[in-house]
Amino acid sequence: MGVSCSNTRTHSSLFKMADIVRKLDHRASMASMVPDVMDPKLIQKTLRIFLSSTFTDTTLDRNMMMQEVFDPIRQMCRERGVSFEVVDLRWGVRQESVSDHRTVDICLEEIKRCQETSLGVAFIAILGDKYGWRPLPPNVPSDEFEKILENISETDRQLVNRWYRRDENAIPPCYLLQPINQEFDVDAPTKEASDRAWEQWIATEKEISKILNEAIEAVGICEKERRKYLASVTEREVELGIIDDSMAPQRALAIDRRFEDIDLTAATANLYINIKSGEADRECVERMKKLKEEEISEKLGTDRYFLFHDLKWHQEGITMDFHGNYLKEMCAKVKSVLIEDFQGVLASLGPLDSLEEEITRHALFCREHTKTFTGRTAVLTAIHKYIDGEDPMMPLVIHGESGVGKTSVVAKVVRDVQSSYHAYDLAIIYRFCGTTADSSSGRGLLLSLCKQISRIYGLDEFSLPETYSGLVEQFQKILSNASRELPLFILIDSLDQLSDENGARRFLEWLPKRIPNYVRFIVTTLPDAGGCLARLKTFGLPKTHFIEIKRMKPDDGPVILDARLKSIGRTLTPQQRAIVMKGFKECPLPLYMELAFQQCREWPSYKDPEECKLESDVSGMINAFYESLERYHGRLFVERVLRLTAASNEGVNPDELIDILSCDDTLLDDVLVWHKPPKRRLPPLLLARLRHDLGSFLVQRGSQGVILVSLYHRQFWEVAQKRYLGDADQWKANFLNVAKYFSGEFHQQYGKERAIAAQPLAFGPTALNLRKLSQLPSALLEAHDFKTLHGVLCDLQFVQAKCMAGMGYDLLSECTRAVAKVHEAKEKGEPVDDTIVKELEEMLAFLRRETHIISKSPLQLYQQTQNSPIGTAPEKAANALKQMSKTAQNDFIPKPSSWIEYINKPTETEAYKQQLSGHLEVVLSVTFSKDGNTIFSASEDKTVRAWDRHTGDLKGQLEGHNGAVTCVRYSPSGDYIATSSGDKSIHLWNPNNFQLERVIENAHEKWINCISFSPKGNRLVSSSLDKQIKIWDVKSGKAVATLTGHQGHTVFCDWSPTDENMVASCGDNLEIFLWDVNKKTIQQTLSGHEIKDNVNFPASDRLEGHKIIDYKSAIWCVRFSNNGKMVASAAVDSSAIIYSTESGGNVATFGLPNDASSVAFSPDDKLLIASSSSHMSVHLYNIEKQETLALLGGHSGWVMDISFSPDGKLIASASQDKSVRVWDAAAAEKLSTLRFHSERCWSVSYSPDGKWLASASDDFKVCVWNMETYKPSLIYEGHDKKRTLSCGVRACTISNSCDLVASGGDDLTIRVWTRDKGETKTTIRCHPFLPWCLRFSKDDKKIIAVGEFTQSVQVWDWEKETKLMELGGFERFCQYTEFSPDGDKIIGSSIDNTACIFNATDGALIHTIQQPKWITCASYSNDGKNLVTCSDDLLVRIWDTKTNEVTCEMPGHTTEVRIVCFSPNDKYIASAALDQSIRIWDAKSGKQRHVFYTAAGVWALAWNPGKQNELSAGDAVGYVYFLQINDL
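Everything numeric in this text was worked out from a predicted model, so none of it was measured.

Caption draft 1: Molecular detail of the overall build of the protein chain. The number of helices and strands found in the protein chain is 38 helices and 76 strands. Sorting the 1528 residues of the protein chain into buried and exposed places 62% on the buried side. The contacts of the protein chain with a sequence gap of at least 6 include a subset with a gap of at least 24, amounting to 61%. Here the protein chain displays about 58500 Å² of accessible surface, and carbon together with sulfur accounts for 47% of that area. One finds the centroid of the 180 positive side-chain charges in the protein chain at a distance of 2 Å from the centroid of its 208 negative side-chain charges.

Caption draft 2: Examining the nonpolar core more closely. In this structure, F475, W510, F521 and Y626 are the most contacted members of the largest nonpolar core, which totals 180 residues. Core analysis: the next-biggest nonpolar cluster, separate from the first, contains 80 residues, C1333, V1353, V1457 and L1501 among them.

Caption draft 3: Structural detail: the packing of aromatic side chains. One pass over the structure, following the stated rule, counts 39 aromatic pairs. With a centroid separation of 6.0 Å and an interplanar angle of 50°, the aromatic rings of F746 and Y750 are classed as tilted. Within this pair, F746 and its partner Y750 are both found in helix α30 (residues 745-754), separated by four residues, close to a single helical turn. Here F746 matches Y750 in class, with each residue buried. Taken together through their ring pairs, the aromatic side chains of F625, Y626, F697, F716 and Y724 make up a single cluster. One residue, K513, lies across the ring of F539, its end atom 4.7 Å from the ring centre.

Caption draft 4: Fine view of the sheet that holds strand β60 (residues 1353-1357). In space, the four strands of this open sheet follow the order β58-β59-β60-β61, with antiparallel pairing throughout. The sheet is open, and its two edges are formed by β58 (1330-1336) and β61 (1362-1367), each paired on a single side. Averaged over all pairs of adjacent strands, the angle between their axes in this sheet comes to 30°, without regard to strand direction. The sheet contact formed by β60 and β61 spans five bridges and is antiparallel.

Caption draft 5: Molecular detail of the packing of helix α17 (residues 442-456) against helix α18 (residues 468-478). Direction vectors running N to C along α17 and α18 enclose 35°, while the axes themselves pass 9 Å from each other. For the element pair α17 and α18, the recorded crossing hand is left-handed. Contacts between α17 and α18 involve G442, R443, L446, L447, L449, C450, I453 and S454 from the first element and Y468, L471, V472, Q474, F475 and I478 from the second. Each residue belonging to the contact of α17 with α18 can be placed in one class, and the counts come to 10 nonpolar, three polar and one charged.

Caption draft 6: Spotlight on empty space enclosed by the protein. By the definition in use, this model includes four cavities of 30 Å³ or more. For the second largest cavity, the calculated volume is near 220 Å³. Contributing elements (two or more residues each) for the lining of the second largest cavity: β50 (1241-1246), β54 (1289-1294), β58, β62 (1374-1379), β66 (1415-1420), β70 (1457-1462) and β74 (1498-1503). A class-by-class count of the residues in the lining of the second largest cavity yields 13 nonpolar, four polar and three charged.

Caption draft 7: Geometry of the side chain of T979. Assignment of secondary structure puts T979 in strand β28 (residues 977-981). A polar atom in the side chain of T979 sits 2.7 Å from the side chain of H961.

Caption draft 8: Structural view of the pairing of strand β29 (residues 986-989). Burial along β29 is two-sided: the face carrying I986 and L988 and the face carrying H987 and W989 are both buried. Summarising the sheet, β28 and β29 pair through four bridges and their orientation is antiparallel. Of the residues in β29, the one forming a bridge with S980 is I986. Counting the residues that bridge the hairpin from β28 to β29 gives four residues, and of these K984 lies at a positive phi of roughly 75°. For β29 and strand β30 (residues 996-1000), the ladder comprises four bridges, and the chain directions are antiparallel. Across the sheet, L988 pairs through a bridge with R998, a residue of β30. Hairpin connection of β29 to β30: six residues between the antiparallel strands, including F994 at a positive phi of 65°.

Caption draft 9: Structural view of the pattern of salt bridges. Per the stated rule, a full pass over the model turns up 81 salt bridges. Two residues, R287 and E235, come together in a salt bridge whose shortest N-O distance is 3.4 Å. Note that R287 is positioned in helix α12 (residues 282-299) and E235 in helix α9 (residues 233-243), a separation of 52 residues in sequence. The residues R287 and E235 share a single accessibility class, namely buried. K1218 is the salt-bridge partner of E473, the closest N and O atoms lying 2.1 Å from each other.

Caption draft 10: Fine view of the sheet that holds strand β25 (residues 943-948). Strand order in this open sheet of four strands is β23-β24-β25-β26, and the pairing throughout is antiparallel. Every interior strand has two partners, whereas the edge strands, β23 (923-928) and β26 (954-959), have only one. When strand polarity is set aside, the average angle formed by the axes of neighbouring strands in this sheet is 20°. Looking at chain direction, strand β24 (residues 934-939) and β25 are connected through five bridges and run antiparallel. When the sheet's bridge partners are listed, F936 is paired in β25 with A946.

Calculation criteria
- Residues numbered from 1 in each chain as written.
- Predicted model: local features only at pLDDT ≥ 70, side-chain atom pairs only at ≥ 80, totals over all residues.
- Heavy atoms only, no water.
- Helix = DSSP H or I, 4+ residues; strand = E, 2+ residues; numbered from the N terminus.
- Buried < 20%, exposed > 50% of the residue type's maximum accessible area, 1.4 Å probe, protein only.
- Contact = heavy atoms within 4.5 Å.
- Areas by Shrake-Rupley, 256 points an atom, 1.4 Å probe, with all protein chains shown as cover.
- Lys, Arg positive; Asp, Glu negative; His and termini not counted.
- Charge placed at Lys NZ, Arg CZ, Asp CG, Glu CD.
- Core = buried A, V, L, I, M, F, W, Y, C linked by side-chain atoms within 4.5 Å.
- Phe/Tyr/Trp six-rings, centres within 6.5 Å; stacked < 30°, edge-to-face > 60°.
- Lys NZ or Arg CZ within 6 Å of the ring centre and 35° of its normal.
- Pairing = 2+ DSSP bridges.
- Axes fitted to C-alpha atoms, helices over the stretch in contact; angles between N-to-C directions.
- Left-handed = near helix turned anticlockwise from the far one by under 90°.
- Nonpolar A, V, L, I, M, F, W, Y, C, P; charged D, E, K, R; others polar.
- 1 Å grid on protein atoms, 1.4 Å probe; cavity = no way out; pocket = protein on both sides within 12 Å on 5 of 7 lines; lining within 4 Å.
- Points joined across faces, edges and corners; volume = space filled by probe spheres on them.
- Polar contact = N/O pair within 3.5 Å; in protein donor to acceptor, adjacent residues only side chain to side chain.
- Salt bridge = Lys/Arg side-chain N within 4 Å of Asp/Glu carboxyl O.

These figures capture arrangement, not role.
Here it is in structure tokens:
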């Protein structure tokens, strides 16, 4: 596609811009910012050389050049990411083997292609003494030919007329040379018969050539026209490649090799010089001399024209033994020029801009599709009316059946807009889906669109999200940058060509239903493929925004046909014309006409109308076309080529195609039956001829820096797939060959013998093998070679290279497909090893967790796999790479020089399975289908999404609400899905097709926040902010009862799963009621929750519908157990309470770290899950034992709802972070044995000697760890287990004597106790102060403390329990404090954006550090010369303590940085953040050295003072990490 910040016509209605005057310099800058079409050579990055030579005398020269020059140049190019191709159409094929007389045209066509695509040298000629073959002209103008006929004898005239026939369809008429096989059976089944036929033709050709040459002398034809009769093929090639090329001095080379004296009597002489009557053919000698000494020498300098004269003759001609010096010198000179030329090209290239490459590819595609555009005036007028009218606010949809010309219409619109608007700037962006890799998937398309819009409007394109869901959200926002000054015009063709990954094609959630001002948005699609049109019709677009492109009228046919024929100087006879028009009348499609045109353009006027047959439809025409290719080129060859071409949506690279086919012995036996080339390899001429005959139906594209060819239209590859790949075994075998090629197996097997390219992961330090990385996994997948696929996906070097190439999310998609495929194969009885299945599943689980990390930081891969549990596939892959790294040579895939060892790594996989992302707003509700295979999520974005439980794929999207969807429920009967909304309506949906079946409008007067089905599923209960509970009949949609009694606002309701008469509801005002539905009365009022003044739940303006709720008294959720005997509630007071439904009594109470937002029972009622909103976590409890089993973290926003799957195996959580997380319930239960702390670890602190570590947690435990064994030495539980502020034990520190520990807890005390026995020595009551950080003085007599509800650093004499000082000056509370290393100073850091340094003796303020945001931690270096601070602004800063100036800022964290510290030797700094990462920095340079990712946000961090390479940390779900950096 292209952007064109183009000058546009003065049109007052276009984007309301009549009053705008744009400056030319701005317009120029915009145009240069995102060019519409860059040089195609720069994106194809190809060095493509045509090697011209005579056939018989340069075999050794060519072969030496191939080996000594082209092979090393090819390797050099590969190492730098440049494709290298040599086109040698002499190699392996005898020039006489073509009976259609088109070899010369094909050669000249290839020369032009080299000149158009090659970055450097495009033509090399090797010229000996032989002038070469002079073929008969394949066509001659009629006036010229008839003059010749007048000047020859009758006998000669009869011979010439037998081989040349007049074609009246040419304009002007001409005479065509007839195919050889019309008279001589050159295609005979035996070699003897074929050779005899060739001998007969050669004699005939010579006789005709003699007749014509003598006649042109008599006729007096000018020299230019005489060339076609007299010039050899080699001269014609040199003429085009050098003589007539103005760029030849820069891109052509010639070698002039001459023998001193050829022995004309030698048996080999005729191979090295043209001989006539026993003498050297004087005319040929003179023509060659003139070509060399006059024409080439005038064009090329001596640096490009190499002379090798006076070579000694040998009876065998050129031999290595006799002419080795010449061959070596010739190769050395050519190689030197090519290398110098190539290096110059590299220097001028610079780094390739992937966005500009994408833009250029679409621009070239667009131009190609408008070359012959005609008609469609009415459609174009309608489209331009949309473009030129008032702001439409909605997209325009163009649709029509395959073949009607939608793509050409879009291309024409683009070209019209680019060329015809003259007054103002206009940003034009267009994509033709499926023509490039990035335009084939929703994610790739959105990323390139967002990048381009960002570049146009000066936004940061490097901060764009990488995930599909993030890009969907960003795309909606980024369109708003369109302005009156610079409007935006977007066209996206062929939505149906998008892959359905992430539901991008089916659901089109990325496509805006409403567009901002100054934006035009046009899309096209087929009416039935992919479901796009049906989806677009649900967007609420007016009928005027749908334009159907219909079949053309029969009257349009003659106009189109005449225009196309005129463009190539052709016409048809009346009978032939009638045949074409008859076919078009039956199938009036542009594609049909194009197919008919490509056939009839070849019809000479003398072709019998009976032979001019056309099929009645497009499919038939394509089949007939393929059949004609098979007859002409051989069925086996055409089948193999089109099989490979049709199997790839992107296309195939010609060099790769030849390589793969050269490993097919069956094919080679067929095409090389008579002739053996120097290497057993498919002759390039065969493919060149087929490409020539495919013509415009084979288009050239590009991907991964190479040229690709692909079939022109989807119907071409559909027919080809059916014709050549219809059998499953054929399909697998085809892809197996592709896989063997890209895996390098073919190179190992045939490399030397057949010159098959090697397939390393990278060709050089900056040149990844992009084709291997992109093609190999898919090929193995389609081939069902699961064993090899497993090896590839579990090969960390491959995974890393894929991520380095920007294909990390492609890898995730491939692994997802792989797991699905292996399960599908096993179900069908295919033998698949269970270990392969297990390890692919483990690798998929790893990629789901880690792709967002490794796609951005590929070198982090080894670290992330090493963090995986022992024995899993990722961990095994890491160990394999570690072992290989000890012996492997440099293969250009960088390996980490060091890593962080997770000493106490868990033995089990984390409970987290996958994240379901795609919603654009907060996810408010989540539930499972009755069979548990589908997860439904409801969101503020007004949609409900249905997700596949196993794969995470989006199965459906339910749209229809006009407000936030607050709740989704699946009926127990399985008949309905019900949803409620802030739009006051309830919707009922068909669970089989997700279609809306019934709407209950205005079901309540205010926001409806919850619904629930009765046990039979025939009734529904709803709750609303109007304080009412309503009962509904599902079938009729009528209200059958209204339950009143709530004084506060109701926020949740649930129907007992066992009692048709019992409903529960809750709301603010601390209200929980159990209702008797029949009596419409409150059966029980449940109590136990308390009003909470310090509310952590989101402010009312952060969630829709919450502004009127009294948060301090809110009970957010009430749910029944599955046996109906219990009901659980979750409230703002940070508790979840279970009640007996019979007695209303309290069964159990569970405390949460922060406000409880939701609860749910496991299917067997043994477990309870509760979510803590602002703690962003899910808690799993054992009800009977009343103990915490697990804390599940990872959400980056408040957790709004939770649900168990019907089989109890999964837990789903919905969050304000717009995602649903899925957890393995069984794995979650095991977490209590994997994590020492059951809740958040707030603090870790080493003893000064490094032998001990203390960790403090929300679980009220302080643990002392033996750092030699990494095992707990003592557990202190002396704090009162009372959650005053939901923090458990917040702080801990070990004395300098190493025998005391101080800890501060939620009981508002500081306790000092012995490290070895846990005996409490003193308790400091510090109400209302909650200690967050504690430190002992150097002499251990004092403790400094900071925390919540105080704006100072407190200094305590802990033995006397006396507060000595309060070091004030802060406006808000402090989070961290410590002594300077010499003990003379105290520093405290505050959320008022300051850190203050005090005199430790008198408390005097020495200095205040100011930062833009919270200073969460400030810590001294061990030598006291520096301070390091961290902040909510995501930066880590180093300060000089003498100058109090910042010496370094270190960005890298993505959320609030909680804590920082220096290593014992002050060389490194460690920082920890809520982004679940610990980062190690070089303290001198500020460069990041390592990243270690944790299971949840990190709150605690300390560096072992006794070991330079050891740290400990604690996270939000209770893990304590013992980490060792192996290189420090």
